[in-house]
Amino acid sequence: MDHLLLLERDHLLDRLERLLQAASQGQGSLVLVSGEAGVGKTTMVRAFAGRVGDRAVVLIGACDPLSTPRPLSPLLDIAADPASGIGDLLSSGAANYDVFADLLGRLRTALRPTLLVVEDVHWADEATLDLLRYVGRRVADTHAVVVATYRHDEVTRTHPLFAVIGDLVRIRESVHRMEIPPFTLDAVRRLAADSPVDPEELFELTGGNAFFVTEVLAAGDDLPTSVQDAVLARLARISHDAQQVVEAVSTAPRLLEVRHALALVDAAPNAVDGALAAGVVHRADDALAFRHELARAAVEGAMAPGHRVELHRRMVDILVEERSNDLARLAHHAVRTGDPGLILGYAPTAAAAAVSRGAPHQAVEFYAAALAHASQLDRSAEITLRSEYQRALSGIDDQRGSLDQAEEVLRLAEETGDVEQIGRGLITVARASWTFGDNERSKRTMTAAIELLDPLDDSATLTAALYLDGYLAMLNRRYQAAIASSTRSVEMATRIGSDVDVARATMTLGTAELVMGDVEHGVALVHEAMAMFERLGETTLVTSCYSLLGTGGGEARIYDRAAGWLEEAIQRARHTDSDYPMAYATAWLARIRCEQGRWDEAVALAEAVARVSPEVAKISPVTALGALGRVRVRRGDPGADEVLRRAVDLGRSGSLQHIWAPLCALAEHYWFQGRLDEAVGLLEGPYHTALQTDSPWARGELGFWLWWVGGLAVPPDGAAEPFALHMSGDWEAAALAWRAIGCPYEEALALAGGDDAAMLAALDILDRLQARPAALWVRSRLRHAGVDSIPRGPRQSTRTHPAGLTARQAEVLALMREGLANGDIAQRLFISKKTVEHHVSAVLAKLGVATRAEAITLGRQDGGGVSPT
Amino acid sequence: MPRYLVERTFPDGLDIPQSSKGIEIVGGVVSNNLDEQVTWVHSFVSDDKRKTFCIYDGPTPESIRRAATANGLPVDLITQVSVLDPYFYLGGEA
């Protein structure tokens, strides 16, 4: 009947065939195969793998149907196949991304194409989702077809896979979806041709689900009412020993070795043959596995609970006796025994292993299973375990849960009466309340921690408390507090000899100087910290340094250097697919380009942030939407209000630094519309918050816009210079200061307050920026001033290229001349590689040349002139 | 997808001849628009051919601007619009 199960699948198999042929030409693809449970995803994919034969290397891995799957389970399957070539690297304990990169390299360079199948990714752990995203984003230029199957009915909006799919399907050229529908009545008729069962009734009952249809047909004459009945009816026909074997297999996460099955139930070897004969389980090498997860669940569910617990307990014994190092498997069985001793013995280690393998969701589940038996632990063991649980919860962005656990840690610490323990508890609560968004509580708690620990000698705990206090003060833009605590932390870390703590506090010190004090001193200090991290091999913290330099430098408006640091941070983060730092640095680059009047670039960068998966922390979308919204306001484009309100809403619980720019942009928007009261109402609260900080740019920009819309008579002290100059009425000095910094729009606003010539200069700048609303405002000022010769409108900036290239084509040619490959050009311009190829061929055609090299030299000979303005 | 009215000024007048040259120009615009998922629905042109009012469907105002840049077309003002049909109001009595 097996071939019949491929009924109505021909067109899908043909599509896979075409993709494999493209892959053999170097055009790889990812196929997301979806369908309901039991619809026949595995059957179809395996059938295709069989057809491929030796035309391709076939690698198959599956995700575990566990509440807590083994991290990278499918990759472990794949690595076990020598054809994959990644076995050694994976077992050597290399970092996930090095393994991914190695695998990708093999897919790119292999002589034969590869068919790489990852089954059941709705059960995937985080590390496997990372793998999928990593390979999916880069598969286009490999010789591989990567197939990932999943149950679409399980992937709801909150499922971790949802975001990954959403991210990947945007890559239209190389990522395809394929949905497997249930059988039609017609197919069910053909399947049931030799059976006494009435096909229409069968179709009605099963909805055409392939697995259910097969089970019912195998169960015999009577039509069972559920899948479970169908499976159990099949089982009822085999020997008792064989049934026992099948039950044993059902307790295993995915498959059970034959020797383990026999040991578990104490059965004779021929019991395995009996189990296989029923057709519910099948043999995979020296192990047994269910044909389908639905069947496994049916058998497991029908077992007596006492018997099931006993099987899990015996399996733990067997694994322990074998000295198995499969921690997730041990914990799986231990948790299901319900035995506190076993659970506490295995779940915490499995959780720690999951953390280090980059699978925080799995870690959270193991920790929760262990902590359900916390009453069996002594206090200090519980504190340790809860602290680890709290960090894991924070890692999966459950900040409410993280704060609850932090409070529990503190309560336990207070019971011990140990001052250092309590201090650590307070630090935990302070950090958790900060990430939760309760800034006030975090400040209060840090003060309490330091007061408590201060009378004691130097300690790692006090060093950490001072570091965190300084860091939070820096984020809150309180200069003295940030410098004082960070300096003390550096000194103490030096005395206790902890280099990494010295570097960390130095990094904070530098950032505080950069945004609130001596800019150059700050830059030097962060570089010093960066060099220390390099020596210590702390590469993630090196990236953090670039990010802090770039964002802090952006805030201090040293744009060119800040952009360079941000680009470095983006490159480093892209290398490891670290979406969070990549998105944040990209968002800040958008903010900088917006302030520089480079609006096309700002928009492209802000859009790139939106393309990164939505789970990244809020500060990135807040910053990116702020830049996009401000560009819309200043161009007079529709949709500004909506975007800026979203930015402000998202950033409300965070610190002021992220929302002051969108707030000011929204106030400017209201001003253009004459809604002055609303603008004042919007800015008053944030302005008073800014006055409690030492940030010259927050005081300056919020103060300036509040003053501009008529809500402030006396300018604030400590405002950044160009804003202060403008508010003091010195438009000329303000314009010069803005010109030196490189903010043309602000320069124009300052010039608009000057004489006729200055107003005409302002109009020239605004027309060049295509800043229509501000330009209209300046035109009306000029008319009121009685100026006659006001330029009519913006000069058209679109210019025809000598060879008739469009602006975009000219841009592509310029990048070709920089020596960039199509993929790099695509990345630079935020368009697809295929679109770049399109542009390149158009450029070649218009220049009348046949090759890229000719186009490049030709461009040089005629002196260029191709930069779009 | 939102609909936009895009106003453009052509100081020297717009010239799209009804010839193969015109087909080439319009075809180029339509093909460039595809990159940005932008659709040019139709335009109204002033009698002196210096001003056009173009109806576009597109995902964002930025996509409209990028398509304009790629086509070498000016943009004065983009307004998001929706249809008001007078006969919808009069419909009951028609």
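Conventions and cut-offs
Each chain has its residues counted from 1, running along the sequence as written. The lettering of chains begins at A and the numbering of ligands begins at 1, in the order of writing. Side-chain atom pairs in this predicted model are given and counted only at pLDDT of 80 or more, local residue features only at pLDDT of at least 70, and totals for whole chains, interfaces and linings cover all residues. For helices the rule is a DSSP run of H or I covering at least 4 residues; for strands it is a run of E covering at least 2, with both sets numbered from the N terminus onward. Residues with at least 20 other C-beta atoms within 10 Å of their own are called buried, those with 12 or fewer are called exposed, and the rest are partly exposed. The C-beta atoms themselves are positioned from the backbone. By the convention adopted here, residues are in contact when the distance between their C-beta atoms, placed from the backbone, does not exceed 7 Å. Nonpolar residues are Ala, Val, Leu, Ile, Met, Phe, Trp, Tyr, Cys and Pro. Charged residues are Asp, Glu, Lys and Arg, and all others, Gly as well, are polar. Only the contacting stretch of a helix is used when fitting its axis, a line to C-alpha atoms as for every element, and angles between N-to-C directions run 0 to 180 degrees. Any angle between 65 and 115 degrees counts as roughly perpendicular, while under 35 counts as roughly parallel, over 145 as roughly antiparallel, and the rest as oblique. When the near helix sits turned anticlockwise from the far one by under a right angle, the crossing is termed left-handed; a clockwise turn instead gives a right-handed crossing. When DSSP finds two or more bridges between a pair of strands, those strands are recorded as paired. The term nonpolar core means buried Ala, Val, Leu, Ile, Met, Phe, Trp, Tyr and Cys residues held together as one set by C-beta atoms within 7 Å. pLDDT: the predictor's confidence for each residue, scored from 0 to 100.

**Points about the overall build of chain B**
- Counting its regular elements, chain B contains three helices and four strands.
- Buried positions account for 27% of the 94 residues belonging to chain B.

**Notes on the interface of chain A and chain B**
- Tallying the contact residues gives 16 residues for chain A and 15 residues for chain B.
- Among the residues forming the side of chain A that touches chain B, the class breakdown is four nonpolar, eight polar and four charged.

**A closer look at unusual backbone geometry**
- Positive phi is not limited to glycine here, since A:R477 has a value of about 60 degrees.
- Owing to 24 C-beta atoms within 10 Å, A:R477 belongs among the buried residues under this scheme.
- Unlike most non-glycine residues, B:K49 shows phi in positive territory, near 60 degrees.
- Secondary-structure assignment places B:K49 in the loop between β2 (39–45) and β3 (51–57).

**A word on the packing of helix α18 (residues 340–356) of chain A against helix α19 (residues 360–371) of chain A**
All names here are of chain A.
- It is at 8 Å that the axes of α18 and α19 come closest, and there the two elements cross at 160 degrees. Taken together, the axes of α18 and α19 lie roughly antiparallel to each other. α18 and α19 meet at a crossing whose hand is left-handed. Across the interface between the two elements, I343, L344, A347, P348, A350, A351, A354 and V355 of α18 pack against P360, Q362, A363, F366, Y367, A369 and A370 of α19.
- Among the residues forming the contact of α18 with α19, the class breakdown is 14 nonpolar, one polar and no charged.

**Here's the deal with the environment of A:G753**
Residue and element names in this part refer to chain A.
- Looking at the secondary structure, you find G753 in the loop between α39 (744–751) and α40 (756–769).
- Classification of G753 by C-beta neighbours within 10 Å gives partly exposed; the count is 17.
- Sequence spacing of G753 and H726 is 27 residues, and the spatial spacing of their C-alpha atoms is 8.9 Å.

**Quick notes on the pairing of strand β4 (residues 144–151) of chain A**
All names here are of chain A.
- With respect to burial, β4 is a largely interior element, seven of its eight residues being buried.
- In terms of strand pairing, strand β1 (residues 29–35) meets β4 through seven bridges, oriented parallel. Following the sheet pairing, V31 is matched in β4 by V147.
- Bridge count for strand β3 (residues 114–119) against β4 is five bridges, and the pairing is parallel.

**Points about the nonpolar core**
All names here are of chain A.
- The biggest cluster of nonpolar side chains holds 145 residues, and the ones touching the most others in it are V526, C545, A590, A667 and L766.
- In terms of residue count, the dominant contributor to this core is helix α24 (residues 460–475) (eleven residues).
- Formed by 128 residues, the second largest nonpolar core is a distinct cluster that contains F48, L75, F100 and L393.

**Some remarks on the sheet that holds strand β8 (residues 287–290) of chain A**
Residues and elements named next belong to chain A.
- Pairing in this open sheet of three strands is antiparallel, and the strands run β6-β8-β7 from one edge to the other. Each end of this open sheet is capped by a strand with a single partner; those strands are β6 (255–257) and β7 (281–284). Averaged over all pairs of adjacent strands, the angle between strand axes in this sheet comes to 30 degrees, irrespective of strand direction.
- In this structure, β7 lies alongside β8, joined through four bridges in antiparallel fashion. Across the sheet, R283 pairs through a bridge with L288, a residue of β8.
- Across the sheet, helix α12 (residues 240–250) is in contact with β6, β7 and β8; its angle to β8 comes to roughly 80 degrees.

**Some details on the confidence of the model for chain A**
- With 95% of its residues at a pLDDT of at least 70, chain A reaches an overall mean of 88.
- For the stretch residues 861–869 of chain A, pLDDT sits under 50, and the model shows 13 contacts to residues farther than four places along the chain or on other chains.

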